[in-house]
Amino acid sequence: MKRILLILFLVLLVALPLLPQTPEFWINQMNNIGIASLVVLGLVILTGVAGMTSFGQAAFVGIGAYATAYLSTSIGLSPWIGLLAGLFIAFVVAYLLGQITLRLSGHFLPLGTIALGLSFYYIFGNMEFLGRHDGLPGIVPIDIFGFSLLKARHIYFLIWGIVLVTMLLTMNLLSSRPGRAIRALKSGANMAESFGVNTHHYKMVAFVYAALLASLAGWLYAHEQRAVSPSTFGLNYGIEYLFMAIIG
C-alpha cells in the first residue's frame, strides 16, 4: 500500500507542471514547498533525530542565497559556482559555530541558535555590497546545458529532483552506522558514550548536514525568486521552519 501511494505521489508530482490547465500559482506554491522541504529535512535530522533544537536554519538559507546572488550579479559567475561557494561558506560557518554551540546543553543551545539567526539577519542587512536591507535584485536564472530555468514550470523539476535525491540520501544516512549513532544522541549523551559513540563528532555531523541542506535551499530560492533580501532570512523564518518540522 505504501509503495502504491508513493508511485501515485511521484506520478502527480511529475504530471502537475506538464498539464497546461495547472494554475501558475500552484506551480509557484509547489516550488516554495520543495525549497522549504530541504530546510525541514535537515531539521528532521538535527532536531527530530538528534534531539538538538535549532532556530537558526534561516541564517544558513541566507548564506546560500546571498553567496550565489552576489557572485552571479556583481561578479558575473555561473550559478553553479554560487552553489559551491554557498555550500563551502555554510560548511565553514556551521563547523565553527558547532564547535561552540554544540557544547551547550539544556536551553542554552536553542538560545545560541536564536542569537545566530539574529546576528546573520543584521549582517545581511548592513553589508553595503549585499545591498543592505534592499537586498540584491536581478539574479540570473539557473542554466543547464544552455537551457534556462527561468520559468517556474522549468525550475520545478530541478527543485523536486533535488528534494527526492536528498530524501534518499537522508534515508541512507539514517540506515548507516553514523545514522544509528545520531539516533542514539536523542536518548542522552551518557548512554551513547558508554557504547563508544563520539557524541560531539556526530552532533557536528548532524549540524553541518542540516546547514548544507539549508544552504542548498537558499541557492534554489535565490534563482527561483531572482532577488534576495534580509527579511526572508530572519528569526521568524527560522521559527517557521522548526514548526514545519514538528507539525510535519
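1. Some remarks on the nonpolar core
- In terms of nonpolar packing, the biggest core is built from 74 residues, with Phe60, Trp219, Leu220, Val228 and Phe233 touching the most fellow members.
- For valine 228, the residues in contact, after removing those within four places along its chain, are Ala65, Tyr66, Ala69, Asp134, Gly135, Leu136, Ile139, Tyr221, Ala222 and Phe233.

2. Observations concerning the side chain of threonine 68
- Along the chain, threonine 68 turns up in helix α3 (residues 57-75).
- Accessibility expressed as a relative area gives 0% for threonine 68, which makes it buried.
- Beyond its immediate sequence surroundings of up to four residues, threonine 68 is in contact with Pro79, Gly82, Leu83, Trp219, Ala222 and His223.

3. A short note on the packing of helix α2 (residues 24-49) against helix α6 (residues 152-175)
- Across the interface, α2 lies against α6 with an axial gap of 9 Å and an inter-helix angle of 20 degrees. Between α2 and α6, the angle falls in the class roughly parallel. In the crossing of α2 with α6, the sense of the turn from one axis to the other is left-handed.
- Here the contact of α2 with α6 is built from residues that sort into 17 nonpolar, six polar and two charged.

4. Things to note about a nonpolar patch on the surface
- A cluster of nonpolar residues, Phe88, Ile89, Phe91, Val92, Tyr95 and Leu96, forms a patch on the protein surface that exposes about 570 Å² of accessible area.
- By the secondary structure assignment, valine 92 is in helix α4 (residues 79-101).
- Exposure remark for valine 92: the relative accessible area of 33% places this residue in the partly exposed category.

Rules of the game
Residues numbered from 1 in each chain as written. Predicted model: local features only at pLDDT ≥ 70, side-chain atom pairs only at ≥ 80, totals over all residues. Heavy atoms only, no water. Core = buried A, V, L, I, M, F, W, Y, C linked by side-chain atoms within 4.5 Å. Buried < 20%, exposed > 50% of the residue type's maximum accessible area, 1.4 Å probe, protein only. Contact = heavy atoms within 4.5 Å. Helix = DSSP H or I, 4+ residues; strand = E, 2+ residues; numbered from the N terminus. Axes fitted to C-alpha atoms, helices over the stretch in contact; angles between N-to-C directions. Parallel < 35°, antiparallel > 145°, perpendicular 65-115°, else oblique. Left-handed = near helix turned anticlockwise from the far one by under 90°. Nonpolar A, V, L, I, M, F, W, Y, C, P; charged D, E, K, R; others polar. Patch = residues over 30% accessible without salt bridge, like charges linked within 9 Å, V, L, I, M, F, W, Y side chains within 5 Å. Areas by Shrake-Rupley, 256 points an atom, 1.4 Å probe, with all protein chains shown as cover. Salt bridge = Lys/Arg side-chain N within 4 Å of Asp/Glu carboxyl O.

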